[in-house]
Amino acid sequence: QVQLVESGGGLVQAGGSLRLSCAASGSIFSINAMGWYRQAPGKQRELVARITSGGSTNYVDSVKGRFTISRDNAKNTVYLQMNSLKPEDTAVYYCNADISSHNGLRRNYWGQGTQVTVSS
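Position numbers for residues start from 1 in each chain and track the written sequence from start to end. Thresholds applied to this predicted model are a pLDDT of at least 70 for local features of residues and 80 or more for the giving and counting of side-chain atom pairs; totals over whole chains, interfaces and linings are not thresholded and use all residues. Excluded from the side-chain calculations are hydrogens and water; all other atoms, namely the structure's heavy atoms, are used.

Caption draft 1: How the structure looks around the pattern of salt bridges. We define a salt bridge as a side-chain nitrogen of Lys or Arg found within 4 Å of a carboxyl oxygen belonging to Asp or Glu. If you walk through the whole model with that rule in mind, you get 5 salt bridges. In this structure, Asp89 and Arg66 form a salt bridge, with 2.8 Å as the shortest nitrogen-oxygen distance. Of this pair, Asp89 sits in the loop between strand S8 (77-82) and strand S9 (91-100) while Arg66 sits in the loop between strand S6 (57-59) and strand S7 (67-72), placing them 23 residues apart in sequence. Only DSSP runs of H or I covering at least 4 residues are called helices, and only runs of E covering at least 2 are called strands; the numbering of each starts at the N terminus.

Encoded structure:
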């Protein structure tokens, strides 16, 4: 009923930049929060950044000062601007959204994941 479509992943050298985007579509009444998670090889999934309905943001310590999460409410889209990328940022990045549908259902949705690879 709700789909998240991600784009923007790829291969970049250390110190480079990428911008991820995630667009939500479907039976959406409101979006309570959107965020980005990542899972590196052999590691557990971690929250990278999140933006709430009130515009508050938070970041995992390892990306503070380098990554910026933003949103376009009119497009139901969240972005993750990633600067000064490091090899340890290499992971599959997943978009997540806490969405209330028109039928009153509130749940989390996940994007398909996009690979970010940072070479040294």
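Caption draft 2: Here's a closer look at the layout of surface pockets. By volume, the largest pocket is sized at about 150 Å³. A pocket here means an open set of points on a 1 Å grid, computed over the protein atoms alone, that has protein on both sides within 12 Å along at least five of seven lines. A cavity is instead a set of points where a 1.4 Å probe fits but cannot get out; residues with an atom within 4 Å of a point line either one. Considering the residues around the largest pocket, the lining is formed by Ile31, Asn32, Ala33, Met34, Ile51, Thr52, Ser53, Arg71, Asp72, Asn73, Asn76 and Thr77. When residues of the lining of the largest pocket are traced back to their parent elements, those giving at least two are strand S4 (30-39), strand S5 (46-52) and S7. With 4 residues, S4 is the single largest residue contributor to the lining of the largest pocket. Throughout this entry, Asp, Glu, Lys and Arg are counted as charged residues, while Ala, Val, Leu, Ile, Met, Phe, Trp, Tyr, Cys and Pro are counted as nonpolar. The remaining residues, Gly among them, count as polar. Grouping the constituent residues of the lining of the largest pocket by class yields 4 nonpolar, 6 polar and 2 charged. Grid points are joined across faces, edges and corners, and a volume is the space filled by probe spheres set on the points.

Caption draft 3: Structural detail: the pairing of strand S1 (residues 2-7). Three exposure classes are used, based on accessible area relative to the maximum for each residue type with a 1.4 Å probe and protein chains only: buried under 20%, partly exposed in between, and exposed over 50%. A one-sided burial pattern is seen for S1, the buried positions being Val2, Leu4 and Glu6 and the unburied ones Gln3, Val5 and Ser7. When DSSP finds two or more bridges between two strands, those strands count as paired. As judged from the 6 bridges shared by S1 and strand S3 (residues 18-26), these two strands associate in the antiparallel manner. Counted as the bridge partner of Leu4 is Ala24 from S3.

Caption draft 4: Examining the side chain of Asp89 more closely. You can call Asp89 buried: its relative accessible area is 1%. A distance of 3.0 Å separates a polar atom in the side chain of Asp89 from a polar atom in the side chain of Arg38. What Asp89 contacts, discounting residues up to four positions off in sequence, is Arg38, Val63, Arg66, Phe67, Ser84, Val116 and Val118. Whenever a nitrogen or oxygen atom comes within 3.5 Å of another N or O atom, the pair is scored as a polar contact, on the condition that within protein one atom can donate a hydrogen and the other can accept it, and that pairs from neighbouring residues in sequence are kept only if both atoms are in side chains. Only heavy atoms enter the contact rule, under which two residues are in contact if any of them lie within 4.5 Å.

Caption draft 5: Region of interest: the sheet that holds S3. Spatial ordering of the open sheet is given by S1-S3-S8-S7, a layout of 4 strands whose pairing is antiparallel. Each having just a single partner strand, S1 and S7 make up the two edges of the open sheet. For this sheet the average axis-to-axis angle between neighbouring strands, irrespective of direction, equals 15 degrees. In this description, a line fitted to the C-alpha atoms serves as the axis of each element, helices being fitted only across the stretch in contact, and the angle between N-to-C directions of two axes falls anywhere from 0 to 180 degrees.

Caption draft 6: Up close: unusual backbone geometry. Here the phi dihedral of Asn76 falls at roughly 50 degrees; this positive angle occurs in a residue that is not glycine. Relative to the helices and strands, Asn76 resides in the loop between S7 and S8. Relative accessible area serves as the criterion here: at 25%, Asn76 is assigned to the partly exposed category.

Caption draft 7: Expanded view of the packing of aromatic side chains. Only the six-membered ring of Trp is used, alongside the rings of Phe and Tyr, when aromatic pairs are assigned; centres must lie within 6.5 Å, and planes under 30 degrees apart are stacked while those over 60 apart are edge-to-face, with the rest tilted. Using the criterion set out here, one finds 1 aromatic pair in the structure. Here the guanidinium or amino end of Arg45 rests over the ring plane of Tyr37, the centre of that ring lying 4.9 Å away. Whether a charge lies above a ring is judged from NZ of Lys or CZ of Arg, which has to be within 6 Å of the ring centre and within 35 degrees of the ring normal. Stacked on the ring of Tyr109, the Lys or Arg Arg107 has its end atom at 4.3 Å from the ring centre.

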